[in-house]
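Below are the chains, spelled out letter by letter.
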Amino acid sequence: MTPNRGGRRSGASGSWEPGAADARRGRWRAAAAAVVAVLIGALASSVGPARPAAAETVAIGLSVGLSGAFADEGRAMAAALELLVESVNATDATNGRTVEAIVLDDANDADRARANAEVLVADPRVVAVVGHLFSSVALATAEIYDRAGVPLLTPSASSPEVTRASPWLFSLNFETGTEGEMIATWLHRIKGVRRLAIVHGNDAYGTSLADAVQRTALRLGMAVPARHVFPDGGFADTVLARDLGAMLDVAVPDALAVMSHAGDGIAVVRALRRHGFDGPVIGPEDFAYDGVIAGLDGATAGLTVATPFLYETASLDTVRFVHRLRHALGQTDGHDPAPAETDDAWPSPWVPFAYDAARLVVDAVAAVGADRGRVRRHLAAIDRPARAVEGLTGRFYFDAFGAAVRPTLFARIADGRFRPEFRQLRRVVAPAALAMIERGRPPAGVVTIGRRPFHEIQVVYAGLDVYRVNDVDIRGQRFDLEGFLWLRWSGDLEPDEITFVNEIFSEENVRDELDRVTTDGVTYALYKVKSRFVANYDLRAFPFDHQALELRLAHRTRHADSLMLVRDAGRLSPNSITAIYPNEWLFEGSDSYGATYTINSSFGRPELAAGSRGPEFSVFATQVRLKRLIAPYIWAVFLPLGAMFCIAFLAFLIDASKFEARISLVTSALISVLVFHLAQMSTLPPVGYLLRIDHYFITAYVVMLALVVAVVASDRLGFSRRFESWFAAALFAAVILANVALTAAAAFGG
């Protein structure tokens, strides 16, 4: 006898009463609907967390020239700030606050800058202002920011009068006094200059630079036989030729320091070369942009500039920032490899300085809140090497007046761009190194110049063109590739000591020297390399993942204070790869960059045992960017998984009375999904996180469990065919929506 599943037994008579079973069916139906709702909600929440409906808004002001002679630079800074704001708001980097950018055009004019400053400080949302490129413009606004108590961070102003004008002013550039001292020291030590003539403009910038150069030169025992000041408006070619010629004939200098703004400096250098002076000429950081090269019209030989930043030393974060910036400015489609090495490929150096300035403000707000005074105190506390911050433009901290303390780089013109000189000097500031000097055991490469210790650093250019990836071994966490490596250096060097630090030792590794030649004191060596490397693959997005195969080149024993590896920009071929194995990857491009890595060991030395940073090694790195082809996984994974879904849903087409057949079909599908999942995971290394593909399988497990519950409940409670059809349709729709959401999140980086 088939029991009546729709009634309730009552009393001793054995009769059945309707109503209670209907109530139970109603509760089961509600539970089934809840299962579907929970499934949709849980899977939708896995796509990404919702942001709060309302949040405190803080603003960062930007006042730069969006019009006039430097409009391109100003627009690039505005785009950089927007990129930062977008990133910060997407990642909640300010603890629930929304960050806004307020961008104003000051045309690099003092009057307009003052007007902008009044507008910005009057807005209570503005916690700090970034901008005012010229020292004169920043100085003109100092009183306004000081009176209102609003921090100003200028990317480029270097005149000491700026930061000394107010405790609310900070500069990410070094001061002219520090720059002038380093210029004279570098000329004395590296170029061997004994007689130095100085030419400078008749303004605060040129005068302060010239004073520092002359003061240091005399302290080091150099002669300064002439110091010439250009009168206002005295840069006509005829006047320059006459005055410079007279000065050179009398002074007969070994080198000449031109301490002026770039526009004036171009006229000076051209006049010097036309007069026949072929000795070294050095200029300040204002010269370090590509417009100077174009303006010199070929008269670039022997010119060196001092600068706080060069893209050849840029980090991976800086390279990626340039990618995003060029895309934001409409210069690329967002999918190009490393920027082409042309004059307009890289933005002005002051653009990443502006980004770093805004980043400091964001970090301050996250740490101490949106209070102007607290933000200023947070910035002022970055006041020593141990508290230095790492930005797109390298490590720096602020001196007692708010000017950035950072290394001075010296660059020459080669291949139409400013490139690092083969010898650099850097002040010794690390407490551990200073302690070793006091003990009479200075680190290798430290020299004393005028009683002050400096690191003398050898620069080695490195380049790598990968032409074939032989094996992308995900499970083995390694990869094999072949390519051409080259090095360029001046002076003594054992190039075999420069090696790949993530290379796996194997007798099959190849490094064959194909060429070596020395010209004008510069040695070039070319090698064919074929090696196996260790990799740390990030598989969170598998099989929608992108991977970066990174090769890191460093010297075995020499620290970054002795040897600096820089990328040989202009000679790299980012689209050199011709084949990738296995054939499931698409080459997206490659990035080359500079970096350092630290050995966190005291080596038993007392000066390092007190928590100081260990020695840093300079690294040249190349990342080969790959994208996994998804088409094979559609056929090999998603299609079979979809078939298992469909097979499981066929249980509702079987007659409700055949419980065993129904439950057998669903459980078989569940077991098949489990086995299939384990088979997929066996091809991957064990990791401590969920993969994107795991989300699809988890969806399958939840759906199969819901089907098991539905089949059992239908057997016990006698659900109608109509209700089963409704449940199956709702559950199937939930599956479709969940998988669409997962796929969309994977496709758009969620």
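Residues numbered from 1 in each chain as written. Predicted model: local features only at pLDDT ≥ 70, side-chain atom pairs only at ≥ 80, totals over all residues. Heavy atoms only, no water.

Chemist: Can you lay out the sheet that holds strand E22 (residues 498–500) for me, pointing to particular residues and giving the numbers?
Modeler: The four strands are arranged E22-E26-E30-E29 in an open sheet whose pairing can be described as antiparallel. Looking at strand neighbours, the two that pair on one side only are E22 and strand E29 (585–598), the edges of this open sheet. Between one strand axis and the next, the sheet turns by 20 degrees as a mean value, whatever way the strands run. Of the strand pairs in this sheet, strand E26 (residues 546–555) and strand E30 (residues 616–628) are connected by eight bridges, and their pairing is antiparallel. Paired with Leu551 across the two strands is Thr622, which belongs to E30. Contacting E29 and E30, helix H11 (residues 316–328) runs over the sheet at an angle of about 140 degrees to E29. (Pairing = 2+ DSSP bridges. Helix = DSSP H or I, 4+ residues; strand = E, 2+ residues; numbered from the N terminus. Axes fitted to C-alpha atoms, helices over the stretch in contact; angles between N-to-C directions. Contact = heavy atoms within 4.5 Å.)

Chemist: Describe unusual backbone geometry, naming the residues involved and giving the relevant values.
Modeler: With an omega of 5 degrees, the peptide bond running from Phe542 to Pro543 counts as cis. In this chain, Tyr581 is followed by Pro582 through a cis amide linkage whose omega measures -5 degrees. Among the secondary structure elements, Pro582 is positioned in the loop between strand E28 (579–580) and E29. A positive phi angle is found at Ala107, which is not glycine, with a value near 55 degrees. Assignment of secondary structure puts Ala107 in the loop between strand E4 (98–105) and helix H3 (110–122).

Chemist: With reference to specific residues and values, describe the environment of Met259.
Modeler: For Met259, the location among the structural elements is in strand E10 (residues 255–259). Remark: the alpha-carbon pair of Met259 and Ser208, spanning 51 residues in sequence, is separated by 8.9 Å.

Chemist: Outline the side chain of Thr699, supporting the account with residue identities and numerical values.
Modeler: Among the secondary structure elements, Thr699 is positioned in helix H17 (residues 692–717). At 2.8 Å, the side chain of Thr699 and the backbone oxygen of His695 are in polar contact. (Polar contact = N/O pair within 3.5 Å; in protein donor to acceptor, adjacent residues only side chain to side chain.)

Chemist: Could you give an account of the confidence of the model for the protein, naming the residues involved and the relevant values?
Modeler: With 87% of its residues at a pLDDT of 70 or more, the protein has an overall mean of 85. Segment residues 1–18: pLDDT under 50, and 22 contacts once partners within four positions in sequence are set aside and those in other chains are kept. Every residue in residues 334–344 is under pLDDT 50, and counting partners more than four places away or in other chains gives 35 contacts. (pLDDT = per-residue confidence, 0-100.)

Chemist: Go over empty space enclosed by the protein, please, and point to the residues and values.
Modeler: Throughout the structure, instances matching the rule amount to one cavity of 30 Å³ or more. By volume, the largest cavity is sized at about 40 Å³. In terms of lining, the largest cavity is formed by Leu62, Met77, Ala80, Leu81, Val130, Ala354, Tyr355 and Ala358. Mapped onto the lining of the largest cavity, the elements with two or more residues apiece are helix H2 (71–91) and helix H12 (350–368). (1 Å grid on protein atoms, 1.4 Å probe; cavity = no way out; pocket = protein on both sides within 12 Å on 5 of 7 lines; lining within 4 Å. Points joined across faces, edges and corners; volume = space filled by probe spheres on them.)

Chemist: Provide a residue-level description of the packing of aromatic side chains, including the pertinent values.
Modeler: To describe a pair of aromatic rings, one takes the distance between the centres and the angle between the planes. For the structure shown, the criterion picks out 22 aromatic pairs. Here the aromatic rings of Phe542 and Tyr633 are separated by 5.5 Å at their centres, their planes lie at 85 degrees, and the arrangement is edge-to-face. Of this pair, Phe542 sits in the loop between strand E25 (522–534) and E26 while Tyr633 is found in helix H15 (residues 631–649), placing the two residues 91 residues apart along the sequence. Relative accessible area serves as the criterion here: at 13%, Tyr633 is assigned to the buried category. Where Tyr597 meets Phe617, the ring centres are 5.4 Å apart and the plane angle is 15 degrees; that geometry is what we call stacked. Of the two residues, Tyr597 is situated in strand E29 and Phe617 in strand E30; the sequence distance between them amounts to 20 residues. A relative accessible area of 7% means that Phe617 is categorised as buried. Site record: aromatic cluster; members linked through ring pairs are Phe309, Tyr311, Trp350 and Phe353. Between the NZ or CZ atom of Arg488 and the centre of the ring of Tyr461, over which it lies, the distance is 4.7 Å. (Phe/Tyr/Trp six-rings, centres within 6.5 Å; stacked < 30°, edge-to-face > 60°. Buried < 20%, exposed > 50% of the residue type's maximum accessible area, 1.4 Å probe, protein only. Lys NZ or Arg CZ within 6 Å of the ring centre and 35° of its normal.)

Chemist: An account of the nonpolar core is needed here, citing residue identities and associated values.
Modeler: If you look at the biggest cluster of nonpolar residues, it comprises 71 residues, and the most contacted ones within it are Val472 and Leu707. Per element, the largest residue contribution to this core is 11 residues, and it comes from H17. Val472 has contacts with Arg478, Phe479, Tyr537, Leu549, Ile580, Tyr581, Pro582, Trp585 and Leu626, leaving out every residue within four places of it along the chain. Grouped together as the second largest cluster of nonpolar side chains are 51 residues, Ala80, Leu81, Ile382 and Phe396 included. (Core = buried A, V, L, I, M, F, W, Y, C linked by side-chain atoms within 4.5 Å.)

Chemist: Residues and numbers for H17, please.
Modeler: If you check H17, its first and last C-alpha atoms are 38 Å apart, about what 26 residues at 1.5 Å a residue would give, namely 38 Å. Most of H17 sits inside the fold, with 19 of its 26 residues counted as buried. (Expected span 1.5 Å × (residues − 1).)

Chemist: Lay out the layout of surface pockets in plain terms, naming residues and giving numbers.
Modeler: In this model, the second largest pocket occupies a volume close to 1000 Å³. Along the walls of the second largest pocket sit 43 residues, with Glu73, Tyr289, Pro347, Ser348 and Pro349 positioned nearest its centre. Secondary-structure elements contributing two or more residues to the lining of the second largest pocket are H2, helix H9 (262–275), helix H10 (290–296), H11, H12 and strand E17 (417–420). Per element, the largest residue contribution to the lining of the second largest pocket is five residues, and it comes from H2. Looking at the lining of the second largest pocket, its residues break down into 23 nonpolar, nine polar and 11 charged. (Nonpolar A, V, L, I, M, F, W, Y, C, P; charged D, E, K, R; others polar.)

Chemist: So, the pairing of strand E20 (residues 452–473): which residues are in play, and what are the values?
Modeler: Across the 22 residues that make up E20, a large majority, 18, are buried. By the bridge criterion, five bridges tie strand E18 (residues 423–427) to E20 in an arrangement that is antiparallel. Counted as the bridge partner of Leu425 is Glu456 from E20. Pairing geometry for strand E19 (residues 446–449) and E20, over four bridges, is antiparallel. Directly across from Val447, in E20, lies its bridge partner Phe454. The turn linking E19 back onto E20 is made up of two residues, and Gly450 within it adopts a positive phi angle of 60 degrees. The pairing of E20 with strand E27 (residues 563–567) spans five bridges and is parallel. By the bridge assignment, Ala462 is partnered in E27 with Arg567. Two successive antiparallel strands, E20 and strand E21 (residues 478–490), enclose a turn made up of four residues, where Gln477 displays a positive phi of approximately 55 degrees.

Chemist: Explain the sheet that holds E4 residue by residue, including any values.
Modeler: Backbone hydrogen bonds hold the strands of a sheet together, and the pairing may be parallel or antiparallel. Pairing in this open sheet of five strands is parallel, and the strands run E4-E3-E5-E6-E7 from one edge to the other. Since the sheet does not close on itself, it has two edges, and those belong to E4 and strand E7 (169–171), each with one partner. Strand-to-strand twist across the sheet, computed as the mean angle between neighbouring axes with direction ignored, equals 20 degrees. Bridging between strand E3 (residues 57–64) and E4 involves eight bridges; their strand directions are parallel. Bridged to Thr57 within E4 is Thr98. In this fold helix H4 (residues 135–148) packs onto strand E5 (126–131), strand E6 (152–154) and E7, with an angle of close to 145 degrees to the strand it touches most, E7.

Chemist: Which residues make up the environment of Arg324, and what are the values?
Modeler: Tracing the sequence through the fold places Arg324 in helix H11. Residue contacts for Arg324: discarding those within four places in its chain leaves Leu83 and Tyr355.

Chemist: I'd like to hear about the pairing of strand E16 (residues 409–414), residue by residue, with values.
Modeler: For a regular strand, side-chain orientation follows a simple rule: the groups alternate between the two sheet faces. Across the six residues that make up E16, a large majority, six, are buried. As defined by bridge partners, strand E12 (residues 303–307) adjoins E16 across four bridges and the pair is classed as antiparallel. Directly across from Thr304, in E16, lies its bridge partner Arg412. In the sheet, E16 pairs with E17 via four bridges, with the strands oriented antiparallel. Among the inter-strand pairings, Ile413 is bridged to a residue of E17, identified as Phe418. In this structure, the hairpin formed by E16 and E17 is closed by a connection of two residues, where Asp415 is found at a positive phi of approximately 55 degrees.

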